[in-house]
Amino acid sequence: MGFRLPGIRKAIFTANQTSSKAADAQKGYLAVYVGEKMKRFMIPVSYLNKPSFQHLLSQAEEEFGYDHPMGGLTIPCSEEVFQHITSCLNGQ
């Protein structure tokens, strides 16, 4: 499953949390969980090198350390903030 934000060249993929497995991840993508409802997003691994995304990773480390309750990387921000940051990264 996927969706495309208006004006974005690349897709950010989301998947239903109950049917998600690590094997669902496409090559070159990483599963992250965001927001109060822990929505799963599939992001390109290239985001890991971007300063704005590294800031999110630092926040995740401060809040969760290396113990992420969802079994994947949990990002402690709202879905709206996450989508804004990733839409900016897609535009680069």
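A brief report on the enclosed structure follows. (Residues numbered from 1 in each chain as written. Predicted model: local features only at pLDDT ≥ 70, side-chain atom pairs only at ≥ 80, totals over all residues. Heavy atoms only, no water.)

**Remarks on the environment of Cys 88**
Here is step 1 of the chain: Relative to the elements of secondary structure, Cys 88 occurs in helix 2 (residues 79-90).
Here is step 2 of the chain: Cys 88 gets classed as partly exposed once you look at its relative accessible area, which sits at 41%.
Here is step 3 of the chain: A C-alpha to C-alpha distance of 9.3 Å links Cys 88 and Ser 52, two positions 36 residues apart in sequence. (Helix = DSSP H or I, 4+ residues; strand = E, 2+ residues; numbered from the N terminus. Buried < 20%, exposed > 50% of the residue type's maximum accessible area, 1.4 Å probe, protein only.)

**Topic: the packing of aromatic side chains**
Here is step 1 of the chain: A complete count under the given rule lists 3 aromatic pairs for this structure.
Here is step 2 of the chain: Centroid distance Phe 41 to Phe 82: 5.0 Å. Interplanar angle 50°. Geometry classified as tilted. One end of the pair, Phe 41, is in strand 3 (residues 39-44); the other, Phe 82, is in helix 2, with 41 residues separating them in the sequence. Comparing Phe 41 with Phe 82, the two get one shared label, buried.
Here is step 3 of the chain: For the ring pair Phe 53 and Phe 82, a centre distance of 6.3 Å and an interplane angle of 65° mean the geometry is edge-to-face. With Phe 53 in helix 1 (residues 51-64) and Phe 82 in helix 2, this pair connects stretches of sequence that are 29 residues apart. Comparing Phe 53 with Phe 82, the two get one shared label, buried. (Phe/Tyr/Trp six-rings, centres within 6.5 Å; stacked < 30°, edge-to-face > 60°.)

**Quick look at helix 2**
Here is step 1 of the chain: Over its 12 residues, helix 2 runs 16 Å from end to end, which matches the ideal 16 Å to within 8%, given 1.5 Å per residue.
Here is step 2 of the chain: Considered for burial, the residues of helix 2 that qualify are Glu 79, Phe 82, Ile 85, Thr 86, Ser 87, Leu 89 and Asn 90.
Here is step 3 of the chain: Each element contacted by the buried residues of helix 2 is listed here: strand 2 (29-34), strand 3, helix 1 and strand 4 (73-75). (Expected span 1.5 Å × (residues − 1). Contact = heavy atoms within 4.5 Å.)

**Considering the pairing of strand 2**
Here is step 1 of the chain: The pairing of strand 2 with strand 3 spans 6 bridges and is classified as antiparallel. Paired with Tyr 33 across the two strands is Arg 40, which belongs to strand 3.
Here is step 2 of the chain: Between strand 2 and the antiparallel strand that follows it, strand 3, lie 4 residues; Gly 35 among them carries a positive phi value of about 85°.
Here is step 3 of the chain: Of the strand pairs in this sheet, strand 2 and strand 4 are connected by 3 bridges, and their pairing is parallel. Across the sheet, residue Tyr 33 finds its bridge partner in strand 4, namely Thr 74. (Pairing = 2+ DSSP bridges.)

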